[in-house]
Amino acid sequence: MIDRLQSGSLFKGTVVSHSTMGGVDVARVAIELPLLGERQVLVRDKQELGIGQEVAIECIHDDTKPARYVFRMAHGA
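A quick note: this is a predicted structure, and the numbers were derived from the prediction, not measured.

Conventions and cut-offs
- Residues numbered from 1 in each chain as written.
- Predicted model: local features only at pLDDT ≥ 70, side-chain atom pairs only at ≥ 80, totals over all residues.
- Heavy atoms only, no water.
- Helix = DSSP H or I, 4+ residues; strand = E, 2+ residues; numbered from the N terminus.
- Contact = heavy atoms within 4.5 Å.
- Areas by Shrake-Rupley, 256 points an atom, 1.4 Å probe, with all protein chains shown as cover.
- Pairing = 2+ DSSP bridges.
- Axes fitted to C-alpha atoms, helices over the stretch in contact; angles between N-to-C directions.
- Salt bridge = Lys/Arg side-chain N within 4 Å of Asp/Glu carboxyl O.
- Buried < 20%, exposed > 50% of the residue type's maximum accessible area, 1.4 Å probe, protein only.
- Core = buried A, V, L, I, M, F, W, Y, C linked by side-chain atoms within 4.5 Å.
- Phe/Tyr/Trp six-rings, centres within 6.5 Å; stacked < 30°, edge-to-face > 60°.

1. Quick look at the overall build of the chain
Logical step 1: Helix and strand content of the chain: 1 helix and 5 strands.
Logical step 2: The long-range fraction of contacts in the chain, counting pairs at least 24 apart against all pairs at least 6 apart in sequence, stands at 38%.
Logical step 3: Total accessible area on the chain is roughly 5200 Å²; 50% of this is exposed by carbon and sulfur atoms.

Set out below in structure tokens:
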């Protein structure tokens, strides 16, 4: 599972809520992870995504924190 996350694989998910963290708009997205089940992850919400909207996200390396990964909207959205 970790290899799949680190490879930048795409995940389909559903927006479940919105919030602002440190002045940044974020959406909480529920995704299904193999062997782990449903998990909710945060992604920046630049497009004001709607609750229940289906989105594609990817896991990428976090340049600000060594050995850490973050989720973002897929395809640079």
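2. Concerning the sheet that holds strand β1 (residues 10-21)
Logical step 1: Strand order across the open sheet formed by 5 strands is β3-β2-β1-β4-β5, with antiparallel pairing between neighbours. Looking at strand neighbours, the two that pair on one side only are β3 (37-44) and β5 (69-73), the edges of this open sheet. Sheet twist, expressed as the average angle between the axes of neighbouring strands with direction ignored, equals 45°.
Logical step 2: Here β1 runs beside strand β2 (residues 24-33); their pairing, made up of 8 bridges, is antiparallel.

3. What about the pattern of salt bridges?
Between side chains of opposite charge, a pair can form when the charged atoms approach closely.
Logical step 1: Counting across every chain of the model gives 1 salt bridge.
Logical step 2: For arginine 72, the salt bridge goes to glutamate 58, with nearest N and O atoms at 2.8 Å. Of this pair, arginine 72 sits in strand β5 while glutamate 58 sits in strand β4 (residues 54-61), and the two are 14 residues apart along the sequence.
Logical step 3: Of the residues examined, arginine 72 reaches a relative accessible area of 38% and is grouped as partly exposed.

4. Quick notes on the pairing of β4
Logical step 1: Bridge count between β1 and β4: 5 bridges; the pairing is antiparallel. Following the sheet pairing, threonine 14 is matched in β4 by glutamate 54.
Logical step 2: Relative to β5, β4 is paired through 5 bridges, and the arrangement is antiparallel. Counted as the bridge partner of isoleucine 57 is methionine 73 from β5.

5. Re the nonpolar core
Logical step 1: Counting 14 residues, the largest nonpolar core has Val29, Ile31, Val43, Val55, Ile57 and Phe71 as the members making the most contacts within it.
Logical step 2: For this core, the secondary structure elements donating two or more residues are β1, β2, β3, β4 and β5.
Logical step 3: Per-element tally for this core: the top contributor is β2, with 4 residues.

6. Structural notes on the environment of valine 16
Logical step 1: With respect to the helices and strands, valine 16 occurs in strand β1.
Logical step 2: Ignoring sequence-local partners within four residues, the contact set of valine 16 consists of Arg28, Ala30, Gln40 and Ile51.

7. A word on the packing of aromatic side chains
Logical step 1: In total, this model carries 1 aromatic pair according to the counting rule given.
Logical step 2: When the centroid spacing of 6.4 Å and the interplanar angle of 75° are considered together, the rings of phenylalanine 11 and phenylalanine 71 count as edge-to-face. Of this pair, phenylalanine 11 sits in strand β1 while phenylalanine 71 is found in strand β5, placing the two residues 60 residues apart along the sequence.

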